[in-house]
Amino acid sequence: MTQPILAIQNLSAGVEGRQILKGINLVIRPGEVHAVMGPNGSGKSTLASILAGRDGYNITGGEVIYCGKDLLELDPEERAREGLFLAFQYPVEIPGVNSTYFLKAAYNEIRRHRGQPELDAMEFLTFVKERMKILNVPEDFLKRPVNHGFSGGEKKRNEIFQMAVLEPKLAILDETDSGLDIDALKIVALGVNKLKRPDNAQLVITHYQRLLNFIVPDFVHVLYDGRIVRSGGKELALELEEKGYELIVHRAAVPA
Amino acid sequence: MSTSTETIEKLVKQEYKYGFTTEIETESAPPGLNEDVIRLISRKKKEPEWLLEWRLKAYRHWTTLQAPQWPKVHYPEIDYQDITYFVAPKNMSDGPKSLDEVDPKLLETYEKLGIPLHERNRLLGVAVDAVFDSVSVGTTFKKQLGEKGVIFCSFSEAVQEHPALVRKYLGSVVPPTDNFYAALNSAVFTDGSFVYVPKGVRCPMELSTYFRINAENTGQFERTLIIADEGSHVSYLEGCTAPMRDENQLHAAVVELITLDNAEIKYSTVQNWYPGDENGKGGIYNFVTKRGACRGVNSKISWTQVETGSAITWKYPGVILQGDNSIGEFYSVALTNNYQQADTGTKMIHFGKNTRSTIVSKGISAGHGQNSYRGLVKVLKGAANARNFSQCDSLLIGDQCGAHTFPYIEVKNTSARVEHEASTSKIGEDQIFYCKQRAISAQDAVNMIVNGYCKEVFKQLPMEFAVEAQKLLAVSLEGSVG
Ligand SMILES: Nc1ncnc2c1ncn2[C@@H]1O[C@H](COP(=O)(O)OP(=O)(O)OP(=O)(O)O)[C@@H](O)[C@H]1O
Ligand SMILES: [Mg+2]
C-alpha cells in the first residue's frame, strides 16, 4: 500500500491542567477525503491546530507521521512548506499587508523549499488570476489587506482561495462551511473538489451533513470528548444528522 | 501566552552593521566647555567677529538653562565638561578641500557606509555633503549644481563664501535661546550643510548630507540651514551612523528651513545612529531641534523621518506656517527596540490664513523600547480656516515595550478645523501563526506587517531611500520574534 499522507497514532494533548485530545488514531492516504464531526468543544480545532503546529499545547503522548516525517518535530512554517494547509475556523486579519503580496510571499516560500524558481510579480499575477476562477472570487480580494474588513463568509472563501493557490498535499478545513451562504457553500465545495487529486488529501471538519453532500467523504469520524468514538463511510454523517451525537456515542460506548 | 510572547521578543535582536571605527589622526580641542573652547572653534573656522559674538551670546544664555525634564525618557545626567566639542581629521580642520586631497581612509569610510564620494562611483542623481565628526570632508556635484545657481556646501564654507545669506537667516527660525540643546548647539556647532536655491529654480537632483560620528567622547553639533527662494523647490535627505561604543555620545543638531513665496522644501531623514547594545549599553543621545518656517504665501515644508537608531531620541521637527495658504507636513516612523527610548513628534504653528498641516506618526515599539508621540497643533487668532489632520498610530511587538501619545491642541480661531485620530495595535501571536501556516517565517511576517503599517510614510521618501528605509527597519527588527 502507498505511504499514508498522515498517520496519527494515539495522540494525546492538552493545555495546562487540562487534557483535550485523549488518544487519537487516524490514517489518511493519498486521494482520500476524511470528514471529522463532533459536538462543540470535542477537540476538533485543537487537533487541527496541533497538526498545523500552533504553540501552547502540551503533547503528552503518541506521534504524528506526515509523509514519512515526524510532523511534531517540524516548525509550523516548515509544515506549510511541506504542503500542510489549514483553512482556519477563524481566519486572522492582517491590516496593511496586501493580499497579493502576502500570497506571493507564501507561494514563493513553498517553491523555494521545493527547489523551484520563484515567480516574479507578473508571473504570479497571471497564475493567481487563473486560480481565482476556480473559486469565483472577486478581484478586490487581491487588492485588499489580508482578510481585513472581510465579512465572515468572505474570509472563509478567501481561505479556500489561498488553498487553491498554494496547492497543498494535505488540506485541513476547519468548519469552512459555517458562515457561508448556500451559493457560496456550493462554490467553495465545488472548488475544493476541483483541487482534489490522486496524490493529495483533505480533512474536512464540519458540523453539517449539508457540506458533505457536496464534498463527499470517503470516511467520516466522530470526535467526542477528545476521542474518535466512531468511524464509517459517508452514511455515518446521515445517521448523525438523524440521531444526534448522544445516541451515536451512547451506542458506540456499548460493546457490540 | 508567555511561551509565544517570548518567541516574538526574540525577533527584536539586532546587529548594527555600521559599528566600525576609522583609525585616523585627529586634531581636537581639550574636553570641556568654556568661552576659550568656543573662541578656539571660531578661530579654527576663521569666522568673522559677529559669528563669534553670536556663539558667545548663545553660550552665556545656555549657562542659565537646564536640560528639559518633560520628555518621557530616562538617562543619567550628562557631564558637559566631559565632552570634546571639536574633533577633526588632521589637515581637515581648516575646512573642506577638494575631494582629491581628502584622506583615502575617509573616502573608504564613506564607501563602506554605502556613500561613495568619488567621481567615478557616486550615487546617481544625489549630491552628498559628508560630515565626519566636526567637519565636512567634501561635497559632490558642486559644479553641476552651481550651473543652476544652487549653493550646496558645508556650513563653514558658507560662512566664508556667502556670509550675507548666513547672517540673514541663521537663528531666524530656531533662535539661540529656543531651548537648552539649541543654545548649546549655537555656541559650539562645528559644521553641517548649507543650501540656497535661487528664485524659480527646481533643484536638479536630491541633496543629501551624511553624518558620521567617529571619535570617542565627542559630541556632534551640526547646523543645517536651507533656504528656498521664491518659487523654488528642493528635496533634501540626511543619513547618520556612528560606531558601536559603550559610552553614550551626544548629538545635538539644529536644522532650520525657510521657504519664501511659492517655494517648497522636502526634508527627509533616515536616522540610524548607534542605538546601544541589546542591554541598553552605549548609543547616541539624539537631542535635535528641527524647524521650518513657511515665510511666503503658498509655500510648503514637508518633514519625513525614519528614526531607527539612537539610544534616546528627542526631536520635534515643526513648521511655522506664516504665509497664507502655506502647508506643513510631518510623516514619521519611529522604531524603538531593546532599551531605546524615543520622545518625538512635531509642532505645527498656524499663523497665516488657510494654512494646512498634516501629521502622520507611526510608532513601533519592540523589546523594552519606549516610544512617545508628542505633538503640538497651535492655531493663532489670525489663522482663519486653518486645517490640521493628525494621525498617530502605535504598534507594539511583544509585551515588554510601551507606547504613549501626548497630543497638545490650542485653537484660537473658531473657523479652524483640527482633527486627531489615534490607534494602538499589537502584532498578535495569531497573526504570526497565520503567516507561519502560510509558509512565511515569523521574521518575514513581522517585517511584512511593519512595512504595511509604515507604507504611508515610506511613500513620502524618495524612491531609492524608501527601499533603504525598508531594509533598515527589517535589520532593526531582526531577532524580534523567533
Ligand atoms: N488554549 C486553551 N486553553 C484552555 N482551554 C482550551 C484551549 N484550547 C482549547 N481549549 C478547550 O478545549 C476544548 C476543545 O476545543 P476545540 O476548539 O478544539 O473544540 P472544537 O471541537 O473545535 O469546538 P467547536 O465545534 O465549537 O469549534 C474546549 O473545551 C476548549 O475550551
Ligand atoms: Mg472548532
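This text goes with the structure placed above it.
Residues numbered from 1 in each chain as written. Chains lettered and ligands numbered in written order. Predicted model: local features only at pLDDT ≥ 70, side-chain atom pairs only at ≥ 80, totals over all residues. Heavy atoms only, no water.

1. Brief notes about the overall build of chain A
Going by this rule: Numbered from the N terminus, helices here are DSSP runs of H or I no shorter than four residues, and strands are runs of E no shorter than two. Only protein chains enter the accessibility calculation, which uses a 1.4 Å probe; a residue whose area is less than 20% of its type maximum is buried, one above 50% is exposed, and one in between is partly exposed. Two residues qualify as a contact provided that any one of their heavy atoms is within 4.5 Å of a heavy atom in the partner residue. Only the protein chains shown count as covering a residue, and every accessible area follows the Shrake-Rupley method with a 1.4 Å probe. Only four residue types enter the charge count, namely Lys and Arg as positive and Asp and Glu as negative; His and the chain termini do not. A charge is said to be at NZ when it belongs to Lys, at CZ for Arg, at CG for Asp and at CD for Glu.
Helix and strand counts for chain A stand at 9 helices and 12 strands. Principal-axis analysis of the C-alpha atoms gives chain A an extent of 60 × 40 × 40 Å. Looking at chain A residue by residue over its 256 residues, the buried ones come to 52%. Across chain A, contacts joining residues at least 24 apart in sequence account for 68% of those joining residues at least 6 apart. When the accessible area of chain A is evaluated, it comes to approximately 11500 Å², of which 51% is carbon and sulfur surface. Within chain A, the 34 negative side-chain charges are centred at a point lying 3 Å from the centre of the 31 positive side-chain charges.

2. Focus: the interface of chain B and chain A
Note the threshold: Buried area counts how much accessible surface, traced with a 1.4 Å probe, disappears from two parts once they are put together, with both parts' losses summed. Each reported salt bridge corresponds to a side-chain nitrogen of Lys or Arg within 4 Å of a carboxyl oxygen of Asp or Glu.
Taken residue by residue, the interface counts 19 residues in chain B and 33 residues in chain A. A buried area of about 2100 Å², summed over both sides, lies between chain B and chain A, and 66% of it is on carbon and sulfur atoms. Considering only the surface of chain B that becomes buried against chain A, Phe433(B), Tyr434(B) and Arg438(B) emerge as the three largest contributors, covering 34% of it. The closest approach of N and O atoms between Glu159(A) and Arg438(B), which form a salt bridge, is 2.7 Å.

3. Comments concerning the sheet that holds strand S10 (residues 201-205) of chain A
Residues and elements named next belong to chain A. Applicable threshold: A pair of strands is labelled paired if DSSP reports no fewer than 2 bridges between them. The convention used is that axes are lines fitted to C-alpha atoms, helices contributing only their stretch in contact, and that angles between N-to-C directions extend from 0 to 180 degrees.
The strand order across the open sheet formed by 6 strands is S6-S9-S10-S3-S11-S12, and the pairing between neighbours is mixed. Each end of this open sheet is capped by a strand with a single partner; those strands are strand S6 (84-87) and strand S12 (227-232). Strand-to-strand twist across the sheet, computed as the mean angle between neighbouring axes with direction ignored, equals 20 degrees. Relative to S12, strand S11 (residues 219-224) is paired through 5 bridges, and the arrangement is antiparallel.

4. Re the sheet that holds strand S4 (residues 58-66) of chain A
All names here are of chain A. The strand order across the open sheet formed by 4 strands is S2-S1-S4-S5, and the pairing between neighbours is antiparallel. Each edge of the open sheet carries a strand with a single partner, namely strand S2 (18-28) and strand S5 (69-70). For strand S1 (residues 6-15) and S2, the ladder comprises 8 bridges, and the chain directions are antiparallel. Each residue of the ladder has a partner; that of serine 12, found in S2, is lysine 22.

5. Examining the packing of aromatic side chains
Residues and elements named next belong to chain B. Rule in force here: Between rings of Phe, Tyr and Trp, where Trp is taken as its six-membered ring, a pair exists when centres lie within 6.5 Å; planes separated by under 30 degrees are stacked, by over 60 edge-to-face, and by other angles tilted. Charge over a ring is defined by NZ of Lys or CZ of Arg lying within 6 Å of the ring centre and within 35 degrees of the ring normal.
What the rule picks out here adds up to 26 aromatic pairs over all chains. The structure contains a cluster of three or more aromatic residues connected by ring pairs, namely Tyr59, Trp62, Trp70, Tyr75, Tyr80, Phe180, Tyr181, Tyr285, Phe287, Trp314 and Tyr316. Its end group placed over the ring of phenylalanine 189, arginine 223 keeps NZ or CZ at 5.7 Å from the ring centre. Here the guanidinium or amino end of lysine 362 rests over the ring plane of tyrosine 453, the centre of that ring lying 4.9 Å away.

6. Some thoughts on the packing of helix H4 (residues 121-135) of chain A against helix H6 (residues 152-166) of chain A
Residues and elements named next belong to chain A. For the record, the criterion: For classification, angles of less than 35 degrees are called roughly parallel, those exceeding 145 degrees roughly antiparallel, those between 65 and 115 degrees roughly perpendicular, and all remaining angles oblique. Note on convention: the crossing is left-handed when the near helix lies turned anticlockwise from the far helix by less than a right angle, right-handed when the turn is clockwise. Lys, Arg, Asp and Glu make up the charged group, whereas Ala, Val, Leu, Ile, Met, Phe, Trp, Tyr, Cys and Pro make up the nonpolar group; the residues left over, Gly among them, are polar.
At a minimum axis distance of 9 Å, the contact between H4 and H6 shows a crossing angle of 125 degrees. Here H4 is positioned oblique relative to H6, judged by the angle of their axes. Once H4 is placed against H6, the crossing between them reads as right-handed. Counted together, Phe124, Phe127, Val128, Arg131, Met132 and Leu135 of H4 and Arg157, Ile160, Phe161, Ala164 and Val165 of H6 form the full contact between these two elements. Here the contact of H4 with H6 is built from residues that sort into 9 nonpolar, no polar and 2 charged.

7. Regarding the site of ligand 1
Residue and element names in this part refer to chain A. Note the threshold: Whether a residue is near a molecule or strand depends on its heavy atoms: if one lies within 4 Å, it is near. Side-chain atoms alone can form a polar contact between residues adjacent in sequence; in general such a contact is a pair of N or O atoms within 3.5 Å, and within protein one must be able to donate a hydrogen while the other accepts it.
By nearness alone, 14 residues border ligand 1, and Gly41, Lys44, Ser45, Thr46 and His207 come closest of all. With respect to ligand 1, the side chain of asparagine 40 contributes an N or O atom lying 3.0 Å from an oxygen atom. When the free accessible area of ligand 1 is taken as 630 Å², the share hidden by the protein chains comes to 66%. Elements with a contribution of two residues or more to the shell around ligand 1: S2 and helix H1 (44-52). Per-element tally for the shell around ligand 1: the top contributor is H1, with 3 residues. Classifying every residue of the shell around ligand 1 by side-chain character gives 3 nonpolar, 8 polar and 3 charged.

8. Notes on unusual backbone geometry
All names here are of chain B. Although it is not a glycine, lysine 46 sits at a positive phi angle of roughly 50 degrees. With respect to the helices and strands, the residue lysine 46 is situated in the loop between helix H2 (35-44) and helix H3 (49-62). Positive phi, close to 65 degrees, is recorded for asparagine 325, a residue that is not glycine. Tracing the chain through its elements places asparagine 325 in the loop between strand S17 (318-321) and strand S18 (327-336).

9. Some remarks on the pairing of S11(A)
Residue and element names in this part refer to chain A. As paired strands, strand S3 (residues 33-37) and S11 are joined by 4 bridges and run parallel to one another. The residue of S11 that forms the bridge with histidine 34 is phenylalanine 219. Between the antiparallel neighbours S11 and S12 lie 2 residues, among them aspartate 225 with a positive phi of about 50 degrees.

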